[in-house]
Amino acid sequence: MHQELSTTLHCLKQLKNLNRIRVDGARVSYSIFKIISTNCKFLIEIGLSKCKGVTDMGIIQLVPACPNLKILNLTCCHSITDAAIFAIAVYCRNLLCLKVKSCNLLTEKSLDILGSYSLLLEDLDLTDCSGVNDSGLNCLSKCSELLCLKLGLCINISDKGLSFIASNGTKIRELDLYRCSGIDDNGIAALSSGCKKLKKLNLSYCNKVTDRGLQYLSQLEELSDLELRGLVNITGTGLMALASGCRRLSELDLKHCVSINDSGFWVIAYYLRNLQQINLSYCGISDSGLCMLMGNLTQLQDAKLVNLTNVSVQGFELALRACCVQLKKVKLLASLGFLLSPEILKTLRARSCRIRLWD
């Protein structure tokens, strides 16, 4: 594989105007970086996701020859350190997108470097980077052009760090805080005050968030995609505030939100008529709640309804009949494939609805 890639890259001498190169998943070496840097002076995108052999030395060899680089994907390049980020930031001043997911040798120094040099950065993926902390986010807050920031699984950040981002992140459209266990309602308050342009937000398994946090989220009127999976402390009271303020929501994930009862789902049915996708798996909704919800959401195209233990077979039957005209995808427990009437299954399939049966 390495020899084949090296041979291929030697052909780059014939492609001096190449502006994009992606070798995701390949095994690379210092010599390959040297070939690229020598022959490709006009690169605007480099993809090295999950490549074996990506090191600081390779990156330091590569980036001085890439002053026009705008997109760099280093996802799961586990050997790179702050030294690589320093070289990238210094030599690639036009960088717009940087992905360093699961690069666990990076520390807060990398964020300080990016905050000092990469001021045009719009898209930054720091998912599962254990070195990210509040101090680092304070430095990163200087990147005021950020549109998308992914901090999922960054367990060392808290409300304080989120406040730093919110204070200067007025342009942020997408924020991922998946399993950021240090975030609570105070962080959501700062976020809702500073990031008014947010359209997509992932708070799944941020277990300290309560109804008070949802009340703050109701101030984000442009929010369209919200993941609240596993928030065991939110109830119908919080959903009432959220739904009344976030009328543009089109995707909502409430999987494992076990404290929400029918009153909360009725609120969704009444206020969130633009919903196109919803995940209710493992929720406590009843027959009447599900029928009301599915009947009222006339734009709904994708519903995940796995393990709804309070819903009977008849309840599923009636709910699916209520939305079969527009529904394009539905996910159900495998047993329902045998328990639902052949008629409703035939009707759904005739309307090009994809039925996924989960075992």
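Small disclaimer: the values here were computed from a predicted structure and weren't measured.

**Quick look at the pairing of strand S13 (residues 329–333)**
Then, in step 1: Across three bridges, strand S12 (residues 302–304) lies against S13 in parallel orientation. By the bridge assignment for S13, Lys 304 is matched with Lys 331.
Then, in step 2: In this fold, S12 hands off to helix H13 (residues 313–323), which returns the chain to S13; that crossover is right-handed.
Then, in step 3: Bridge analysis of S13 against strand S14 (residues 354–358) gives five bridges, and the strand direction is parallel. Bridged to Lys 331 within S14 is Arg 356.

**Regarding the packing of H13 against helix H15 (residues 342–350)**
Packed helix pairs are specified by the crossing angle of their axes together with the interaxial distance, meaning the distance between the axes.
Then, in step 1: Where H13 contacts H15, the axes come no closer than 10 Å and their chain directions differ by 30 degrees. Compared by their axis directions, H13 and H15 come out roughly parallel. Relative to H15, the crossing made by H13 is left-handed. Contacts from Glu 317, Leu 320 and Arg 321 of H13 reach H15 at Glu 343, Ile 344 and Leu 348.
Then, in step 2: Tallied by class, residues from the contact of H13 with H15 come to three nonpolar, no polar and three charged.

About the criteria used
- The residue numbers shown here count from 1 along each chain, following its written sequence.
- In keeping with the model being predicted, local features are shown solely for residues with a pLDDT of at least 70 and side-chain atom pairs are shown and tallied solely at 80 or more, while totals for entire chains, interfaces and linings include all residues.
- The side-chain numbers reported here are obtained from all heavy atoms of the structure, hydrogens and water having been left aside.
- Pairing between strands is defined by DSSP: at least two bridges between them are needed.
- Here a helix means four or more residues in a row that DSSP labels H or I, a strand means two or more in a row labelled E, and each is numbered from the N terminus.
- Call a crossover right-handed when, viewed with both strands pointing away from you, the route from the first strand across the helix to the second goes clockwise.
- Angles run from 0 to 180 degrees between N-to-C directions of axes, and those axes are lines fitted to C-alpha atoms, restricted for helices to the stretch in contact.
- Note that the term roughly parallel is reserved for angles under 35 degrees, roughly antiparallel for angles over 145, roughly perpendicular for angles of 65 to 115, and oblique for everything else.
- Crossings are sorted by hand: turned counterclockwise from the far helix by less than a right angle, the near helix makes the crossing left-handed, and turned clockwise it makes it right-handed.
- Contact criterion: two residues are considered in contact whenever any of their non-hydrogen atoms come within 4.5 Å of each other.
- Here the nonpolar group is Ala, Val, Leu, Ile, Met, Phe, Trp, Tyr, Cys and Pro; Asp, Glu, Lys and Arg are the charged ones; every other residue, Gly included, is treated as polar.

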